[in-house]
Amino acid sequence: MSIEPEGKNASMQEKGESKVESGARPALQVSHVSHFYGKRKALDDVSFVIEPGSFSVLLGLNGAGKSTLFSLITRLYATSSGSIRIFGYDVARDSGEALRRLGVVFQARTLDPDLSVMQNLAYHAALHGIGAKDAKRRAQSVLEQVSLADRVNEKVRNLSGGQMRRVEIARALLHNPQILLLDEPTVGLDVKARADIVAHVRSLVANQGIGVLWTTHLIDEIAMTDDVIVLHEGRVLANGVAADVIASTGAPTMRLAFAKLTATELGD
Amino acid sequence: MTAITSDQAAIKPRRGFTLGQYWICLSGIVWREALRFLHQRERFVSALVRPLVWLFIFAAGFRSVLGVSIIPPYETYILYPVYITPGLMAMIQLFNGMQSSLSMVYDRETGNMRTLLVSPFPRWFLLTSKLLAGTAVSILQVYAYLIIAYFWEITPPSPWGYLTVLPALALSGLMLGALGMLLSSLIKQLENFAGVMNFVIFPMFFASSALYPLWRVEEGSPWLATLCWINPFTHAVELIRFAFYEQITPISLAVVVGCTIVFLAGAIIAYDPSRGMLIRRGAPSE
């Protein structure tokens, strides 16, 4: 695997396009995306592909461009250049079809603390055109998955940070998306809550074939078999299976590989 | 678990949404706004106390100072509290519209706005639904005020006035909510909202026909009267005033409808991912 951005981007682009043509569309395809804030370039020709049923980690420090990329994929902003496709649907041109296939867990807490868990989930269901009866059935199902079915009528305010995160994951799954985006989902959680959430999302990949893009700056959340995209100062420096990324740099660990790639170090 | 995996239809959903799904989305947004309102009791109380302070204290104090001559739609001399009631009804909606925009800025900062905007429904529809939800809440507040005003003997000439004022309230609520929404897209941070209070709410309210008839203003300052006349809030007040008396003012109706369209279109453009202010403003809220 190459760690040269140009070569890697080109190869990923070919990979993504061939998939679309063959009918097996990538869950997420980011092609040559650049984005500016005024004159500041936040993303520079970013390309990668997330396959259905894969666990991909977008690794980068704060300010690397992760949140910008997240905003572009969820269409808070439109891309300055390049394209983003979700199961072949262009996020800019066919946003409705793209977004209905996407589940999102934002970094900031987005549950309404004054409403109950069920009320929060019902609101999300309505935003996807799912009626009350169906919403209730689905909510029970997704809450069982995150072991919070007994807290359905609890006010969100009374939940712990880890429980809120699990409710947000349940909410993101409510409309049966086939790709799930999580923006630093473990920030601010204790060790056990972190481990629970990582394990749960991995089980979604393994058991339900959901594609996951997990952004983080925490190295220990990466397994050797995960796909890793190293983003630094708006550019993709490496992309591939974690073990290959490490091997390509000649470093013994991901931490040192990252340090070598970015000429910097990760915090704890 | 089984519901998720077995529901293959959702994996390959059919294109677009049905009218029924649009309705579900709209009612979900209105329902959440209503729930939030009910949970924020202090918001309800302050929404009610504000006009009542004006009615019971300000209007009572000026009752004998300000004489209001017979001007349409009134056919007799009226007491000052009766005159300012339509202005206070519009004031409730003005504050509510701005408060909704405050909540949108707050929502954007905490991420709730992003939850709304990541919905697959068209963005114009989501923003319009949010606007309708805020308007519905403002109408509830106005009727709560009218119930109290009733016991203060401020009533329309016939009970029908309570019904005929409803479309006027809906229109003025939409206009003021759309204005708030447009402003919310321009405000970068929550703290800047204090500026909106000073530079939008107070000038709009005082430079209008809410507290004094325009002929009175004109006596003191013709240019101020002109300013009041071109203020859309004046037309919201007059639309409500006439509708409360089962009448229509075509000019005010046209101004309110026109301003609603302009403000809402502006808000939709401002919240458009590719053209709007969000993109120019800088990095996303983290």
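Residues numbered from 1 in each chain as written. Chains lettered and ligands numbered in written order. Predicted model: local features only at pLDDT ≥ 70, side-chain atom pairs only at ≥ 80, totals over all residues.

### Considerations on helix α12 (residues 232-244) of chain B
Residues and elements named next belong to chain B.
Here is step 1: If you check α12, its first and last C-alpha atoms are 18 Å apart, about what 13 residues at 1.5 Å a residue would give, namely 18 Å.
Here is step 2: α12 sits mainly inside the fold: 13 of its 13 residues count as buried.
Here is step 3: Taken from the residues just after α12, E246 is the one with a positive phi, measuring 60°. (Helix = DSSP H or I, 4+ residues; strand = E, 2+ residues; numbered from the N terminus. Expected span 1.5 Å × (residues − 1). Buried ≥ 20, exposed ≤ 12 C-beta atoms within 10 Å, placed from the backbone.)

### Topic: the sheet that holds strand β10 (residues 235-241) of chain A
Residues and elements named next belong to chain A.
Here is step 1: One open sheet holds the 6 strands; their spatial order is β6-β7-β8-β3-β9-β10, and the pairing between them is mixed. Edge positions in the sheet fall to β6 (102-105) and β10, since each has one partner strand and no second. Sheet twist, expressed as the mean angle between neighbouring strand axes with direction ignored, is 15°.
Here is step 2: Both strand β3 (residues 55-59) and strand β9 (residues 227-232) contribute to a ladder of 4 bridges, which runs parallel. (Pairing = 2+ DSSP bridges. Axes fitted to C-alpha atoms, helices over the stretch in contact; angles between N-to-C directions.)

### Re the confidence of the model for chain B
Residues and elements named next belong to chain B.
Here is step 1: Scored by pLDDT, chain B has a mean of 82; 84% of the residues are at 70 or more.
Here is step 2: At the level of individual helices and strands, chain B shows its lowest average pLDDT in helix α1 (residues 2-6), which scores 38, and its highest in α12, which scores 95.
Here is step 3: The low-confidence segment residues 1-11, where pLDDT is below 50, has 17 contacts with residues more than four positions distant or belonging to other chains.
Here is step 4: A low-confidence stretch, residues 282-286 (pLDDT under 50), is modelled with 11 contacts involving residues beyond four sequence positions or located in other chains. (pLDDT = per-residue confidence, 0-100. Contact = placed C-beta atoms within 7 Å.)

### Comments concerning unusual backbone geometry
Leave glycine aside and you will find that most residues have negative phi; peptide bonds, for their part, are mostly trans.
All names here are of chain A.
Here is step 1: One non-glycine residue, D45, lies in positive phi territory at about 50°.
Here is step 2: Following the sequence through the fold, D45 ends up in strand β2 (residues 40-50).
Here is step 3: Positioned with a positive phi, E184 is a non-glycine residue whose angle comes to about 45°.
Here is step 4: Relative to the assigned elements, E184 resides in the loop between β7 (179-183) and α7 (191-208).

### Some points on the pairing of β7(A)
All names here are of chain A.
Here is step 1: Of all 5 residues making up β7, 5 are buried, and the element is well covered by its neighbours.
Here is step 2: Covered by surrounding structure in β7 are I179, L181 and D183 together with L180 and L182, the residues of both alternating faces.
Here is step 3: In terms of strand pairing, β6 meets β7 through 4 bridges, oriented parallel. Among the inter-strand pairings, G103 is bridged to a residue of β7, identified as L180.
Here is step 4: For β7 and strand β8 (residues 211-216), the ladder comprises 5 bridges, and the chain directions are parallel. Following the sheet pairing, D183 is matched in β8 by T215.

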